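# Inside the fold
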Amino acid sequence: MIGRSFLNAGLALAIAALVGCGLVTSTNRSVFFIFDVSGTYVKSVPDAAKLANITIAELQPGDWIGASQISACSFSEKEIILQRQLPTTPSLAASAKRELFEAFNTYAGGVKSAKFTDIRGALAQASDELKRRPEAARFIVLFSDMVADYSKSCDTANIKLDLAGIHVIAANVIKSTPGDPEKYFAVLKEWEAQVVAAGGTWSLVSSPDQLPKLVNEL
Amino acid sequence: MEQSLDQATGSPASAADSGSFFGIPYGWPLVLAIVGLILIMWMAREPLRRVVWQIFFITGRVFGRWGLWLTEHGRNARTNCNEKIAAHRADELQDRMLMLEDRMGRRAEKLAKETGPVIARLDKSTHQLATAAGELTDINLEDAAERAFRAALPSMESGRGLNKLEKNIAQSTARAMNERLVPVRPALQIIKAESPRVRELAEKLTKTSNEFNQHVDEVNKTFEEFEMIMRSDDRSKIAARASIVIPWLIAIIITAIALSGVFLNFFLIERPMAEIVGEGARIGGIGLPTFAAIIVIFLEFVAGVVLMDAAGFTRLIPAFHSMSDGSRKIMFWVAFAFLALFSVLEMTLSIVREQIIEQQQETRDLAAQLITPSLAPAPTADAPADAVTETPPAEAAVAAEKGLALSTVAQLILAGIIPWLLAAAALPLETIVRNTVFMLSIVGSFLMLMLAFICKTLAVAFKNVGLFALTIYDAIIFAPLWVERRVKGTARNRRSGGGGDSEDADDVMVLDRKSPTAPPKEPKQNREKNREPELQKA
């Protein structure tokens, strides 16, 4: 135990010295999950939570995880579900991941529907949180049908988004207009354009195994 | 008529029609231009010659100096390398002689114990044989036979029958012989028993003698080579006798095999190192656990090098040469303890590795179990779905646990062995380091000599190209030079009354002539002394 403490102290000193020289860089990433709880998507939240769990299972020790929901007025601390950094050692990280699974499952089990869908507000909220993080690789994973519906009291349709350095991934995008595929594709194109215009990068994930790969390999 | 005149005079009008040379029309203008150019060249001969001299001769001289310098240093490097190789060979032979001497000393100590009983037994056997031989020589069979015959005579007189007579004689002879042979029988038994023993002892002694002679031969051979190395002036011959490349190649192969063990070791400890140092940072582009694993392997290797040096197998660390035996023993046990600790550390890490893998798999399984069937990832091709249904889950779990336990044991064994194998990799390292230095020295000296050759060739080329350029130049301005000489010759004749000894006494275009104002040639010794600054300038 004492030996380990000495080893850790020595390593910490060495790393501090190397950081000073600019030789040490971080490989950690921060991932922010956004769940759409509007009337058209709330039934898909459990599936989305499970997708989030699969993604978390593949994250590395030291990665940061945040989650919020899209409601009528999403740009608010009240909508944040959880924020947690995984411990840097694999065994502790595995325990933390299991706790996160539980948290997401609990959330998915008791989620309540919202009247409006403030997607831009949620993106702004996630962007704000991620910008405060020191990790170089930042991801927003958006579980939504991508159909925005802003209330009059909280209309963020025209707010300016800053997504520079952030990769936005739209996952589990359900088709809310089965009779009009063109509308579905148009909506996705429009969101891609908005994200790119805000300085971010865009990906659309269709199958469950793509999401962890995208987050870990980008 | 006008046309022919134009042609004869080469007027510009006609020349313009027939073309031009660099804008100068053919004919008289071109001739005049050439004559003018020759005159300009004649006038400018001295500065131009200096320029040519500067360009070609000085450059050539610089290359020549470089060539000399490189030749000298290349030869010196080779000589030094030969000297080092010979010294190393002498060291090796000295070590070998010491080792043989030590071995012979120990053998000699044992020899007294071995040969003492042998000689005692041999002495005893010889004595017994001598006694037996004495007894045998004392037997006089003729006398015994005669005595037997005489003893049989009275009975011959009493009994007249011939058959009876023969019988009596035979019986008496046999009895007499038997009486004589009875005391000899033990001697014969001794001879029978001692002869093979004597042969065996003789063989043993011969073997011991042969072994001793073999060692003596080895020592003599080694000593002769050592003497030759110490006394011979031909160091290159001595160096050529010492093999450098083959031991180096063998050492490289052994080290390569050891390095493959290092890779194996690295993959064993890389993942569990994350439990000690954590993840998420990179040092110079390398992940922190990877970096830590590399450091541990290096430390193991260093401990191995110290162990081998302290044990006297290698001589990589100079400090060990001057250390006392006691200090070396301490260092040996310290290195041994470190290696043992590293071995235990690796064994622990191998267990941790298994735990981490299990935890990660369980976490993944947990995440996948929570997912609905529609979202579950498709099974992979190499894991058929029906395989799970065919095997009962309990049996599969037991089989998996058994396999896991076996693989953990295998990892434990590997983790325990590899640090010691790494230590053994220090053995060929000495050969690699030493022979690489020798080889680099040899290659370096050859490169220097090759560069010297190139420089000298360039020097000669530059000088001769310069000479050729000057010759061409002189050929172009031949006419004005000839006129100049004639004029100067006439003037000199007038001044000296026709007693001029040399026409070209003051001809500046003669290459090898020395200027009358030039300083006298320096003595050779002074030139040698001045060479060094010139080399530095070059």
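This structure is a prediction, so every number in the text was calculated from the model and none was measured.

## Here's the deal with the overall build of chain B
Helices and strands together make up the secondary structure of chain B, namely 15 helices and 4 strands. Put simply, chain B has 538 residues, and 16% of those count as buried. Considering only contacts within chain B whose residues lie at least 6 apart along the sequence, 78% involve residues at least 24 apart.

## Focus: the overall build of chain A
Secondary structure summary: chain A contains 6 helices and 7 strands in total. The helix and strand sequence of chain A, counted from the amino end, reads α-β-β-α-β-β-α-α-β-β-α-β-α. In chain A, the share of contacts with a sequence separation of at least 24, taken over all contacts with a separation of at least 6, comes to 83%.

## Quick word on the interface of chain B and chain A
At the junction of the two partners, chain B supplies 26 residues and chain A supplies 31 residues. For the side of chain B that touches chain A, the secondary-structure elements that each account for two or more residues are helix H8 (245–277), strand E3 (281–283) and helix H10 (325–369) of chain B. For the side of chain B that touches chain A, the element with the highest residue contribution is H10 of chain B, accounting for 9 residues. Grouping the amino acids of the side of chain B that touches chain A by side-chain chemistry returns 13 nonpolar, 9 polar and 4 charged. Taken together, the 3 bridges between strand E1 (residues 24–26) of chain A and E3 of chain B define a ladder with antiparallel strand orientation. Looking at E3 of chain B, one finds that serine 26 of chain A is bridged to alanine 281 of chain B.

## Remarks on the packing of helix H4 (residues 45–138) of chain B against helix H13 (residues 426–476) of chain B
Residue and element names in this part refer to chain B. The geometry of H4 relative to H13 is characterised by a closest axis approach of 7 Å and an angle of 160° between their N-to-C directions. When the interaxial angle is binned, H4 and H13 end up roughly antiparallel. When the axes of H4 and H13 are compared, the crossing they make is left-handed. When the residues that make up the contact of H4 with H13 are grouped by side-chain class, the tally is 25 nonpolar, 12 polar and 7 charged.

## Concerning the sheet that holds strand E6 (residues 166–171) of chain A
Residue and element names in this part refer to chain A. A sheet is described by the order of its strands in space; here 6 strands give the open sequence E4-E3-E2-E5-E6-E7, paired in mixed fashion. The open sheet is flanked by strand E4 (80–85) and strand E7 (201–205), the only strands paired with a single partner. The mean inter-strand angle of the sheet, taken between neighbouring strand axes irrespective of direction, is 15°. This element, helix H5 (residues 181–197), spans E6 and E7 of the sheet and lies at about 150° to E7.

## A few points about unusual backbone geometry
Residue and element names in this part refer to chain A. Even without being glycine, methionine 146 reaches a positive phi, approximately 65°. Inspection of the secondary structure puts methionine 146 in the loop between strand E5 (137–143) and E6. In the Ramachandran plot, asparagine 172 falls in the positive-phi region, its phi being about 50° despite a non-glycine side chain. Relative to the helices and strands, asparagine 172 is located in the loop between E6 and H5.

## Let's talk about the nonpolar core
Proteins that are soluble and globular tend to have nonpolar side chains buried together. Residues and elements named next belong to chain A. Core analysis: the biggest nonpolar cluster contains 54 residues, and Ile34, Ile140, Val141 and Ile169 have the highest contact counts within it. In terms of residue count, helix H2 (residues 45–57) provides more of this core than any other element does, 8 residues in total. Filtering out sequence-adjacent residues up to four positions away, isoleucine 169 remains in contact with Phe139, Ile140, Val141, Leu142, Ser203, Val205, Leu211 and Leu214.

## Points about the environment of isoleucine 24 of chain B
Mapped onto the fold, isoleucine 24 of chain B is located in strand E2 (residues 24–25). The contacts of isoleucine 24 of chain B, once residues within four sequence positions are left out, are Pro29, Leu30 and Ala33 of chain B.

## Focus on the pairing of E7 of chain A
Residues and elements named next belong to chain A. In this sheet, E7 lies alongside E6 in parallel orientation, the contact comprising 5 bridges. From the neighbouring strand, histidine 167 faces E7, where its bridge partner is threonine 201. Running through H5, the crossover from E6 to the neighbouring parallel element E7 is right-handed.

About the criteria used
- Residues numbered from 1 in each chain as written.
- Chains lettered and ligands numbered in written order.
- Predicted model: local features only at pLDDT ≥ 70, side-chain atom pairs only at ≥ 80, totals over all residues.
- Helix = DSSP H or I, 4+ residues; strand = E, 2+ residues; numbered from the N terminus.
- Buried ≥ 20, exposed ≤ 12 C-beta atoms within 10 Å, placed from the backbone.
- Contact = placed C-beta atoms within 7 Å.
- Nonpolar A, V, L, I, M, F, W, Y, C, P; charged D, E, K, R; others polar.
- Pairing = 2+ DSSP bridges.
- Axes fitted to C-alpha atoms, helices over the stretch in contact; angles between N-to-C directions.
- Parallel < 35°, antiparallel > 145°, perpendicular 65-115°, else oblique.
- Left-handed = near helix turned anticlockwise from the far one by under 90°.
- Core = buried A, V, L, I, M, F, W, Y, C linked by C-beta atoms within 7 Å.
- Right-handed = clockwise from strand over helix to strand, strands pointing away.

In short, shape yes, function no, at least from these values alone.
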